[in-house]
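# A look at the structure
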Amino acid sequence: MSVLLPRIVVLATGGTIAGSSANPASSAHYQAATVPVSQLVQAVPALADVARVEAEQVAQVDSKDMMFDLWRMLAARIGYWSAQDDVAGIVITHGTDTLEETAMFLHLTQACPLPVVMTAAMRPSTSLSADGPLNLLDAVRVAASPVAVGKGALVVLNQQIHAARDVVKAHTSAVDAFHSPVAGPLGFVQDTYVHFSRTPGPDQAPRLPVPAAWPLVEIVASYAQPGRVGIDAMVAAGVLGFVVAAAGNGSVHETLTAALVDAAACGVAVARSSRTGAGHVAIPAPPRPAGGVFVSAGDLNPYKARVLLLLALAGDPSLGRDAARLQALFERY
Ligand code: SIN
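By the naming in an unreviewed UniProt entry, the chain is Periplasmic L-asparaginase II, taken from Cupriavidus metallidurans. Database annotation for the chain, UniProt heading Sequence similarities (unreviewed entry): "Belongs to the asparaginase 1 family."

Okay, structure coming up:
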């Protein structure tokens with residue numbers, strides 16, 4: 001008697017996993033987002049032993065050009081497919097360059113009961129030793145696995161399973177470019193064995209709505225002798241929130257601090273992340289932030305912190321006037 005394999009939907013958005021080059025020996029010079037997802041699936045015959053795979057080309061972009069409309073479209077397609085009775089899981093193929101931001105968006109917005117698993121590749125599909133085919137197979141294995149249910153949005157690359165909230169790209173070209181610098185990976189995939197060593201963090205908070213309109217939220221960095229003209233111009237242009245890529249444990253240059261205090265006085269939300277790449281930015285002690293001691297983005301890097309601030313300010317544009325509530329939000333998600 002033949003067993004019916006789980007039905008898994010692959011939503012493709014482009015990236016190097018769909019990249020191609022005339023020179024298979026080059027992994028650095030190629031065109032991202034050129035190969036249709038039907039071809040990527042066909043290139044991995046082993047998928048047929050794991051799942052009934054259906055593929056949809058949602059977009060074909062280099063992820064450096066990611067736009068909010070595509071995030072919204074992805075959320076809508078996840079909603080559509082997860083409402084189909086017999087779909088067991090969803091895989092999203094994506095470029096590696098901004099995967100951590102889309103992963104954060106999915107972490108914050110998706111209450112989908114099925115596994116939602118992102119994957120990508122560091123080498124184009126035509127490369128010698130392309131990593132995309134195994135990453136795609138492993139992502140489908142995870143999406144089809146009952147042990148992945150209820151774990152939130154996941155990212156599978158290089159045989160590791162990461163929480164979408166935690167994972168970052170930490171190398172320009174290495175195949176093991178993805179890490180979860182503070183929390184570590186959730187588990188691994190070894191052939192047919194999908195193993196979770198731990199479950200994602202204790203975040204029980206409700207997921208945030210996908211905005212109809214997106215506020216202006218920007219990232220500024222603290223470094224030697226920064227100017228404040230950029231901040232002042234952005235406030236004048238209507239920016240509602242800043243994430244500071246601060247030095248060390250959240251230290252902000254006094255010139256920027258002065259500009260950001262002025263911005264905060266106009267109701268602009270300011271959160272400090274760290275430019276170090278790992279670690280938790282100290283949370284200001286109560287009484288909660290005032291006058292230049294801005295809220296902490298915790299262990300979120302500036303790009304991930306910006307996604308949270310975007311969604312939070314879309315829901316409540318006045319959040320910048322309530323630093324205690326803003327801090328609570330960063331501690332919650
Ligand atoms: C992209 O992010 O779309 C291109 C780079 C990559 O996927 O590695």
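So much for the structure itself; the text now carries on.
Moving on to the overall build of the chain. Within the chain one finds 8 helices and 14 strands. For the chain, the C-alpha radius of gyration of 20 Å lies close to 20 Å, the compact-globule estimate for 333 residues. Along the first, second and third principal axes, the C-alpha set of the chain runs to 70 × 45 × 35 Å. Evaluated residue by residue, the chain yields a buried proportion of 51% over its 333 residues. Taken together, the 21 basic and 25 acidic charged side chains of the chain have centroids lying 4 Å from each other.

What follows covers the domain arrangement of the chain. By domain assignment, the chain separates into domain 1 (7-196) and domain 2 (217-332). On a C-alpha basis, the centroid separation for the pair domain 1 and domain 2 is 31 Å. Taken residue by residue, the interface counts 15 residues in domain 1 and 13 residues in domain 2. Contact with domain 2 buries area across many residues of domain 1, yet Met 104, Arg 165 and Val 182 alone supply 38% of it, more than any other trio. Applying the counting rule to domain 1 against domain 2 returns 1 salt bridge. A salt bridge links Arg 165 to Asp 299; the shortest N-O distance between them is 2.7 Å. Linking domain 1 with domain 2 are 6 residue pairs in polar contact (both at pLDDT 80 or more). Sort the elements by how many residues they give to the side of domain 1 that touches domain 2 and helix α3 (residues 99-109) lands first, with 6 residues. When grouped by side-chain class, the residues that make up the side of domain 1 that touches domain 2 number 10 nonpolar, 1 polar and 4 charged.

The element strand β3 (residues 87-93) is largely enclosed, with a buried count of 6 among its 7 residues. Direction of pairing for strand β1 (residues 7-14) relative to β3: parallel, over a ladder of 6 bridges. Residue pairing across strands places Leu 11 opposite Ile 92, the latter belonging to β3. As paired elements, β3 and strand β4 (residues 116-119) share 4 bridges and run parallel to each other. Directly across from Ile 92, in β4, lies its bridge partner Met 118. Between the parallel pair β3 and β4, the chain is carried across by α3, and the sense of this crossover is right-handed.

Take the site of the ligand next. In the vicinity of the ligand, the residues found are Gly 15, Thr 16, Tyr 30, Asp 62, Ser 63, Gly 95, Thr 96, Asp 97 and Ala 121. Side-chain polar atom of Asp 62 to an oxygen atom of the ligand: 3.3 Å apart, as the coordinates give it. Within the backbone of Asp 97, an N or O atom sits 3.0 Å from an oxygen atom of the ligand. When the ligand is considered free in solution it has 250 Å² of accessible area, and contact with the protein chains removes 96% of it. Residues belonging to the shell around the ligand are distributed by class as follows: 2 nonpolar, 5 polar and 2 charged.

The subject of this paragraph is helix α6 (residues 254-265). With 12 residues, α6 should cover 16 Å at 1.5 Å per step; its first-to-last C-alpha distance of 16 Å lies within 8% of that length. Within α6, the full set of buried residues consists of Leu 256, Thr 257, Ala 259, Leu 260 and Ala 263. Viewed end-on, α6 has its buried residues packed into an arc of 165 degrees, placing them on one side of the element. The exposed residues of α6 that point more than 90 degrees off its buried face are Glu 254 and Ala 265. In this fold, the buried residues of α6 make contact with β11 (217-221), α5 (229-236), β12 (241-246) and β13 (269-274). Where α6 terminates, the next one or two residues include Gly 267, which has phi positive at roughly 95 degrees.

Core analysis: the largest hydrophobic core is formed by 56 residues, its most contacted members being Leu 11, Ile 92, Leu 308 and Phe 330. Examining the composition of this core, we find that 8 residues originate from one element, helix α7 (residues 302-315), more than from any other. Three or more residues apiece are contributed to this core by two domains, here domain 1 (7-196) and domain 2 (217-332). Setting aside anything within four residues of it in sequence, one finds Phe 330 in contact with Ala 271, Val 295, Ser 296, Ala 297, Leu 300, Ala 305, Leu 308 and Leu 309. In this structure, Leu 186, Val 189, Val 194 and Phe 196 belong to the second largest nonpolar core, which totals 27 residues.

Across the interface, helix α2 (residues 68-82) lies against α3 with an axial gap of 11 Å and an inter-helix angle of 50 degrees. The orientation of α2 relative to α3 falls into the category oblique. Two packed elements cross with a definite hand, and for α2 against α3 that hand is right-handed. Contacts between α2 and α3 involve Trp 71, Arg 72, Leu 74, Ala 75 and Ile 78 from the first element and Glu 101, Thr 102, Phe 105 and Leu 106 from the second.

What counts and what doesn't
- Residues numbered from 1 in each chain as written.
- Predicted model: local features only at pLDDT ≥ 70, side-chain atom pairs only at ≥ 80, totals over all residues.
- Heavy atoms only, no water.
- UniProt positions renumbered as here; feature names shortened; annotations may be inferred.
- Helix = DSSP H or I, 4+ residues; strand = E, 2+ residues; numbered from the N terminus.
- Rg over C-alpha atoms; globule rule 2.2 N^0.38 Å.
- Buried < 20%, exposed > 50% of the residue type's maximum accessible area, 1.4 Å probe, protein only.
- Lys, Arg positive; Asp, Glu negative; His and termini not counted.
- Charge placed at Lys NZ, Arg CZ, Asp CG, Glu CD.
- Domains from an automatic or database assignment.
- Contact = heavy atoms within 4.5 Å.
- Buried area = accessible area lost by both parts, 1.4 Å probe.
- Salt bridge = Lys/Arg side-chain N within 4 Å of Asp/Glu carboxyl O.
- Polar contact = N/O pair within 3.5 Å; in protein donor to acceptor, adjacent residues only side chain to side chain.
- Nonpolar A, V, L, I, M, F, W, Y, C, P; charged D, E, K, R; others polar.
- Pairing = 2+ DSSP bridges.
- Right-handed = clockwise from strand over helix to strand, strands pointing away.
- Near = heavy atom within 4 Å.
- Areas by Shrake-Rupley, 256 points an atom, 1.4 Å probe, with all protein chains shown as cover.
- Expected span 1.5 Å × (residues − 1).
- Arc of directions from axis to C-beta.
- Core = buried A, V, L, I, M, F, W, Y, C linked by side-chain atoms within 4.5 Å.
- Axes fitted to C-alpha atoms, helices over the stretch in contact; angles between N-to-C directions.
- Parallel < 35°, antiparallel > 145°, perpendicular 65-115°, else oblique.
- Left-handed = near helix turned anticlockwise from the far one by under 90°.

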